[in-house]
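What the coordinates show
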Amino acid sequence: MSAKRFTMLIIPEGSHQVRRFTVQRRWLSIAASFVVMLCVGGGLVLFDYLRTNVDRQELDRLRTENRSQQQEIGRLCANIEDLRKEMVVLAQNDAKVRVLAQLSGPRPDALNGIGGPPEDDASTEFSELQRQIDQIREAIELRRESQEEVQGFLNDQRSLLAAKPKGWPVKGWLTSSFGMRNSPFSGKLKMHEGLDIASRTGTPVYATADGIVSRAETAAGYGKMVVIDHGYGFKTLYGHNSKLFVKVGQRVKRGDKIAAVGNTGTSTGSHVHYEVRLNGVPLNPKKYL
Ligand SMILES: [Zn+2]
């Protein structure tokens, strides 16, 4: 198309006159460009409109979602706050138990220092929530450690209680006390390291605390005797028996029958010679009856 000008004919139906326009090619190009630009522009506007519409719906959805998430976070904060309060109460109870158990004060946790409403900024809010959760977790760990310590203490107490000699080893009556006395045999002043409890021959002799039999034999002076090791440094000795009912290494409980009263060894009558030793040192058994 190399023509510079075009002629357009408009031919109406019937007998009307034919109209004739002459257009320069340049103008035709400009018009065509204009139409193209119009189409493209219109398309863009339409596309933008549709996209905005979609965005608006998305925005509405997000807003609703955000609101419900805010409420959810609010609930979470309230829950964490409740947990925190419960942990504070637990810590207070723990401190009381530790005082009763005469343990040192508990390690402090950070729970007393936190709280307050969450921030508006979502990221601060979340890091604050995370921080509170971490603190509660740490507090739980501290309480767990403390509980184990208290439990250990109670176990020790129970073992110590079971290991500490308590009560009479035999039904009878005291005939000789602990301390310096004139020996009934030599007449000389001599330390009597136990109690003599008189009783009829054959009367049962009982262990006065839990422990392990460390000696069950006939020994010079003591006759047929039993020694029980109770741990915690405690040992008890029962002498002059007529019969022994336990063997070395045997575990015994307080109240177990270990021997029968007799008159064996250096003895002037049927009785039990009863000793309590702590780390090898004889104690006055009267304090443990
Ligand atoms: Zn004695």
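As shown above, the structure is provided for reference.
Rules used throughout
- Residues numbered from 1 in each chain as written.
- Predicted model: local features only at pLDDT ≥ 70, side-chain atom pairs only at ≥ 80, totals over all residues.
- Heavy atoms only, no water.
- Helix = DSSP H or I, 4+ residues; strand = E, 2+ residues; numbered from the N terminus.
- Rg over C-alpha atoms; globule rule 2.2 N^0.38 Å.
- Buried < 20%, exposed > 50% of the residue type's maximum accessible area, 1.4 Å probe, protein only.
- Contact = heavy atoms within 4.5 Å.
- Areas by Shrake-Rupley, 256 points an atom, 1.4 Å probe, with all protein chains shown as cover.
- Lys, Arg positive; Asp, Glu negative; His and termini not counted.
- Charge placed at Lys NZ, Arg CZ, Asp CG, Glu CD.
- Donors = N, O, S within 2.8 Å, 3.2 Å for Na, K, Ca; no water.
- Salt bridge = Lys/Arg side-chain N within 4 Å of Asp/Glu carboxyl O.
- Phe/Tyr/Trp six-rings, centres within 6.5 Å; stacked < 30°, edge-to-face > 60°.
- Lys NZ or Arg CZ within 6 Å of the ring centre and 35° of its normal.
- Core = buried A, V, L, I, M, F, W, Y, C linked by side-chain atoms within 4.5 Å.
- Expected span 1.5 Å × (residues − 1).

Once that is clear, we can look at the overall build of the chain. A count of helical and extended segments in the chain gives two helices and 15 strands. Relative to the globule expectation of 19 Å for 289 residues, the C-alpha radius of gyration of the chain, 51 Å, shows a markedly less compact shape. With the C-alpha coordinates aligned to their principal axes, the bounding extent of the chain is approximately 170 × 35 × 30 Å. Sorting the 289 residues of the chain into buried and exposed places 27% on the buried side. The long-range fraction of contacts in the chain, counting pairs at least 24 apart against all pairs at least 6 apart in sequence, stands at 59%. Element-wise, carbon and sulfur atoms account for 56% of the exposed surface of the chain, whose accessible area totals about 19500 Å². Here the chain carries 41 positive and 31 negative side-chain charges, and the mean point of each set is 7 Å from the other.

Attention now goes to the coordination of the zinc ion. Every protein donor of the zinc ion is listed here as His192 (NE2), Asp196 (OD) and His273 (ND1), and their distances to the metal cover 1.9 to 2.2 Å. Ordering the donors of the zinc ion by residue number gives the pattern H-x3-D-x76-H. Taken as a pair, His192 in strand S5 (residues 189–192) and His273 in strand S14 (residues 271–278) lie far apart in primary sequence, 81 residues in all. Judged by relative accessible area, which is 4%, His192 ranks as buried.

Evaluation of the coordinates by the stated rule reveals 17 salt bridges. Between Arg61 and Glu65 there is a salt bridge whose closest N-O contact spans 3.1 Å. Of this pair, Arg61 and Glu65 both sit in helix H1 (residues 25–100), four residues apart, which is roughly one turn of that helix. Of the charged contacts in the structure, one is a salt bridge between Arg181 and Asp196, with a shortest N-O distance of 3.3 Å.

Here we come to the packing of aromatic side chains. All told, the structure shown has two aromatic pairs when counted by the stated rule. Taken together, a centroid distance of 6.0 Å and an interplanar angle of 70 degrees make the contact between Phe234 and Tyr288 edge-to-face. Residue Phe234 is found in strand S10 (residues 234–241), and its partner Tyr288 is found in the segment after strand S15 (281–283); the two are separated by 54 residues along the sequence. Accessibility assignment for this pair places Phe234 and Tyr288 in one class, buried. Centre to centre, the rings of Tyr238 and Tyr274 are 5.4 Å apart; their planes meet at 35 degrees, and the pair counts as tilted. Pair noted here: Tyr238 is in strand S10 and Tyr274 is in strand S14, with a separation of 36 residues, a long-range link. Over the face of the ring belonging to Trp27 we find Arg26, whose NZ or CZ atom lies 5.5 Å from the ring centre. Lys257 extends its terminal NZ or CZ atom over the ring of Phe245, reaching a point 5.1 Å from the ring centre.

Formed by 18 residues in total, the largest nonpolar core has its most connected members in Val205, Val226, Ile228, Tyr238, Val252, Ile258 and Val272. At the level of elements, strand S9 (223–231), S10, strand S13 (257–260) and S14 are the ones that each hand at least two residues to this core. The greatest single-element share of this core, amounting to three residues, is contributed by S14. Discounting residues that sit within four places of it in the chain, Ile258 has contacts with Val205, Tyr206, Ala207, Val226, Ile228, Tyr238, Leu244, Phe245, Val246 and Val252.

Our next topic: unusual backbone geometry. If you check the backbone angles, Tyr232 has positive phi at about 55 degrees while not being a glycine. For Tyr232, the location among the structural elements is in the loop between S9 and S10. Of note in the backbone geometry, Asn279 takes a positive phi value of approximately 50 degrees without being a glycine. If you trace the backbone, Asn279 turns up in the loop between S14 and S15. Look at Asn279 and you get exposed, because its relative accessible area is 63%.

We now examine H1. Across its 76 residues, H1 extends 108 Å between first and last C-alpha, which sits within 8% of the 112 Å expected from 1.5 Å per residue. Burial in H1 covers these residues: Ile73, Cys77, Ile80, Arg84, Met87, Val88, Ala91, Asp94 and Arg98. Just beyond H1, the residue with positive phi is Gln102, at close to 55 degrees.

Read these as spatial facts, not as claims about activity.
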